[in-house]
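Observations on chain architecture
The primary structure of each chain is shown beneath.
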Amino acid sequence: MAGLITDWTTLADDQLVNDSNLPDWLKAKKQQAVAQLKTLSVPSRKLEYWRYSDANRLALKGGEASPSSLESHPVSIANDGVEQVVIKLNDNGFTVSDNCPGSVRISPINAIDESRWLDLDMNQETVANLANTACFMHGVSVECSAALEVNLVFEYDYKFDEQWRYVRNQINVDTGAQFSVEERFNSGQVNVVNVYDLQRGSVVNRHQMANLSDAQNLISFNQFELSAQAQLNSTNQHLGGSLQHHLHRVNFNGNQAVFKMGTVNKSINNNNIADLVEVNHNKKSNQSDVTHRSIADGASQIFTNAKAFVAVGADESEIEQDLKNILLSPDAKIFSKPELEVYADEVVAAHGSTIGALDDQSLFYLQSRGIDIKQARAIMIESFEQEALL
Amino acid sequence: MLKIDNVYASAGDKEILKGLSLEVKSGEVHAIMGPNGAGKSTLGNLLAGMPYVQSQRGEVEYMGKDLLELEPEERAAEGVFLAFQYPVEIPGVNNMYFLRTALNAQRKYRGEEPMDSAQFLRMVKQKIKDMNMRDDLLKRPVNVGFSGGEKKRNEVFQMGVLEPKLAILDETDSGLDIDALKIVADGVNQLRAPDRSFIIITHYQRLLDYIKPDFVHVLADGKIVKSGPKELALELEEQGYGWLNN
Ligand SMILES: Nc1ncnc2c1ncn2[C@@H]1O[C@H](COP(=O)(O)OP(=O)(O)OP(=O)(O)O)[C@@H](O)[C@H]1O
Ligand SMILES: [Mg+2]
């Protein structure tokens, strides 16, 4: 474990020496990240964001499975036959399906224009995400300049060989542009950073789907920059895996923008899922709605944390944090924490968090009509998940 | 059809049914009346298989089977139906979906083919007509935001769709307006058949004007203390239950 920092910096140093496609400015960014990594220590339970996850799993091949009554298949989300443009990310780089419209430009991340690069604010809590900046070798830069009826699918298609893949993507959405994005994590062991930069009045509907086997790990850091009147709707489904660690960070940079996020965390066997959201209301009149529905079975652990920070002068902010959790086994654990830090006036904020079991009365009602207990539970769980799906 | 023999049962730590016996034959309608807290709902819950109602002694035989041995869903598939005094709200579960799932689960248990959605829809449409049900309620999540009366009507509608052999109606008439009361009574009367029985728990003789019972029983302090013909209900309405204390 102590070797993790060294692993990261060694990997980064190799790349800095050998990767001839890296522009100098990007080399400098990576060197900075390496330098910062060297001042930090490996993730552990001493950190707030890693308190309820077993950080040893960063170095492991996966967890041990224990039996579960849960179905592992996700609740499907209607896609209304929207045209899909598929970006396959794999060990050879990436491919794009040939139906990609002209108003969507996709290039390797290394070719990103320096002016569009965003420096991310990382510290000890986010050390595993900082490692991405030092180590990323894969990923794409997407620029969308029109309002489109298109679903851009990121398919992660890496070999599963117990090596991490470090992927960085940046999605730039021009003024008034609009489209959908789906991130599908089905394979491999990925540490990803996604930066979404939404210009004025643009709209993105995003769906993050991580349906992992018991041995797989996924770390994601997602930053959303929202200009005035932009809207980002995000639905996340996090199922299974040995370790899933997700951080969503939102910055409101103008007024009257909207961020809506609904997340299902479903931890089936011995999974550790951490699902962290930081919303920074830096400006006036922005709205953020964060809904989590988490279900833990077996010996799983889930940590959900929704933080909203409202800066001085960010009046008329509207914030909702709604975290509900269901424990299905005596060995499962869920930690659920809504947090508000408000320095402005006239803020409308509502937050709530509950942890419980499936409602016995409802289960009995279903049973009394002929539905067996297993199916009754499945129906109840599915309806609970639906509450988070936008 | 149903033979309850000297049953003792408790809920939580409380002993509620204390030596209750009742026999219901095919085609009969039995009304059960009695003071608040007497154990009427507990009896319904015991028959339907509510987990926190525990029987200590006695037997319940239903169509030749030991009813208390069966899971709640098995009882339902065998034809037992309880219209709840307080139906629960189940957010996110659509009423129609729920009903079809329930019906097909019962059919599967009985070795029958499942109903496909077209067949089911046709059948439900007919029932909506027959039972004067509002179809907008069926498009909503189960009981969520329903008024008290709407919940009761939904229970009776479920009964109509599931066509049980033994239906237990727990104060289904409480909270109904006059028109709804008639609709509910009609629903029951339409289902009356030689091979189908009803236990109707009520506080009011009014319902029994519409559904004529074969027997009326008084349940007090966990057992049946008096039984008689339907006129007994009228007597009770006049006298109340004060005489129980003498
Ligand atoms: N789970 C429980 N735990 C403890 N006591 C219970 C429980 N369920 C019912 N009781 C008690 O048992 C008694 C009988 O309840 P029950 O609901 O059967 O009465 P009832 O005859 O249906 O009354 P009502 O006419 O008011 O509906 C009541 O005193 C009630 O408070
Ligand atoms: Mg009652």
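What you see is a predicted model; the values in this text were computed from it and never measured.

Take the overall build of chain A next. Along the backbone of chain A there are five helices and 19 strands. Expected size for 390 residues packed as a compact globule is a radius of gyration near 21 Å; at 21 Å, chain A falls within 12% of this value. Across its three principal directions, the C-alpha atoms of chain A cover 70 × 45 × 45 Å. By the burial criterion, 59% of the 390 residues in chain A qualify as buried.

Below, the discussion takes up the packing of aromatic side chains. Inspection of the entire model under this criterion finds twelve aromatic pairs over all chains. Relative to Phe-259 of chain A, the ring of Phe-224 of chain A has its centre 5.6 Å away and its plane inclined at 45 degrees; by these criteria the two rings are tilted. Here Phe-224 of chain A, found in strand E10 (residues 217-226), pairs with Phe-259 of chain A, found in strand E13 (residues 258-267); they are 35 residues apart in sequence, far enough to count as distant. Its relative accessible area of 0% is what places Phe-224 of chain A among the buried residues. Judged by its relative accessible area of 0%, Phe-259 of chain A falls in the buried class. Counting every residue linked through ring pairs, the aromatic cluster contains Phe-364 and Tyr-365 of chain A together with Phe-84 and Phe-98 of chain B. Stacked on the ring of Tyr-365 of chain A, the Lys or Arg Arg-369 of chain A has its end atom at 5.0 Å from the ring centre. Looking at Lys-226 of chain B, its charged tip hangs above the ring of Trp-243 of chain B, at a distance of 5.2 Å from the centre.

Let us now look at the site of ligand 1. Residue and element names in this part refer to chain B. Near ligand 1 there are 16 residues, and of these Lys-14, Gly-37, Lys-40, Ser-41 and Thr-42 occur at the shortest range. Side-chain polar atom of Lys-40 to an oxygen atom of ligand 1: 2.8 Å apart, as the coordinates give it. At 2.8 Å, a side-chain N or O of Ser-41 approaches an oxygen atom of ligand 1. Within the complex, the protein chains bury 67% of what would otherwise be the 640 Å² of accessible surface of ligand 1. In terms of residue count, helix H1 (residues 40-48) provides more of the shell around ligand 1 than any other element does, three residues in total. A per-class count over the shell around ligand 1 returns five nonpolar, eight polar and three charged.

Looking now at the packing of helix H6 (residues 148-162) of chain B against helix H7 (residues 178-191) of chain B. Residue and element names in this part refer to chain B. Closest axis-to-axis distance for the H6/H7 pair is 10 Å, and the angle between their directions is 15 degrees. As judged from the angle between their axes, H6 and H7 are roughly parallel. Like other packed secondary-structure pairs, H6 and H7 cross with a definite hand, here left-handed. Residues Arg-153, Val-156, Met-159 and Gly-160 of H6 form the contact with H7, whose participating residues are Ala-180, Ile-183, Val-184, Val-188 and Leu-191. Among the residues forming the contact of H6 with H7, the class breakdown is seven nonpolar, one polar and one charged.

As a general point, the strands of a sheet are linked pairwise by backbone hydrogen bonds and lie either parallel or antiparallel. Residue and element names in this part refer to chain A. Overall, mixed pairing links the ten strands, which are arranged E2-E1-E5-E7-E9-E11-E13-E15-E17-E19 in an open sheet. Two strands lie at the open edges of the sheet, namely strand E2 (93-96) and strand E19 (348-356), each paired on one side alone. Adjacent strand axes in the sheet meet at a mean angle of 10 degrees when their direction is disregarded. The pairing of strand E15 (residues 287-296) with strand E17 (residues 318-327) spans ten bridges and is parallel. Note that in E17 the partner of Thr-291 across the bridge is Asp-322. Sheet strands touched by helix H5 (residues 373-386): E13, E15 and E17. Its angle to E15, the strand with the most contacts, is close to 160 degrees.

Together, Phe-309, Val-312 and Tyr-343 of chain A give the surface a local cluster of nonpolar side chains, amounting to about 310 Å² of exposed area. According to the relative accessible area criterion, Val-312 of chain A is exposed, its value standing at 69%.

Opposite the 17 residues of chain A that make contact, chain B presents 31 residues. For the pairing of chain A and chain B, the buried interface totals around 1,900 Å² over both sides, and the portion due to carbon and sulfur atoms is 68%. Taken as a group, Phe-364, Tyr-365 and Arg-369 of chain A account for 43% of the area that chain A buries against chain B, more than any other trio of residues on that side. Inspection of the region where chain A meets chain B yields one salt bridge. Its salt-bridge partner being Arg-369 of chain A, residue Glu-155 of chain B comes within 2.7 Å of it at the nearest N-O pair.

Cut-off values and rules
Residues numbered from 1 in each chain as written. Chains lettered and ligands numbered in written order. Predicted model: local features only at pLDDT ≥ 70, side-chain atom pairs only at ≥ 80, totals over all residues. Heavy atoms only, no water. Helix = DSSP H or I, 4+ residues; strand = E, 2+ residues; numbered from the N terminus. Rg over C-alpha atoms; globule rule 2.2 N^0.38 Å. Buried < 20%, exposed > 50% of the residue type's maximum accessible area, 1.4 Å probe, protein only. Phe/Tyr/Trp six-rings, centres within 6.5 Å; stacked < 30°, edge-to-face > 60°. Lys NZ or Arg CZ within 6 Å of the ring centre and 35° of its normal. Near = heavy atom within 4 Å. Polar contact = N/O pair within 3.5 Å; in protein donor to acceptor, adjacent residues only side chain to side chain. Areas by Shrake-Rupley, 256 points an atom, 1.4 Å probe, with all protein chains shown as cover. Nonpolar A, V, L, I, M, F, W, Y, C, P; charged D, E, K, R; others polar. Axes fitted to C-alpha atoms, helices over the stretch in contact; angles between N-to-C directions. Parallel < 35°, antiparallel > 145°, perpendicular 65-115°, else oblique. Left-handed = near helix turned anticlockwise from the far one by under 90°. Contact = heavy atoms within 4.5 Å. Pairing = 2+ DSSP bridges. Patch = residues over 30% accessible without salt bridge, like charges linked within 9 Å, V, L, I, M, F, W, Y side chains within 5 Å. Salt bridge = Lys/Arg side-chain N within 4 Å of Asp/Glu carboxyl O. Buried area = accessible area lost by both parts, 1.4 Å probe.

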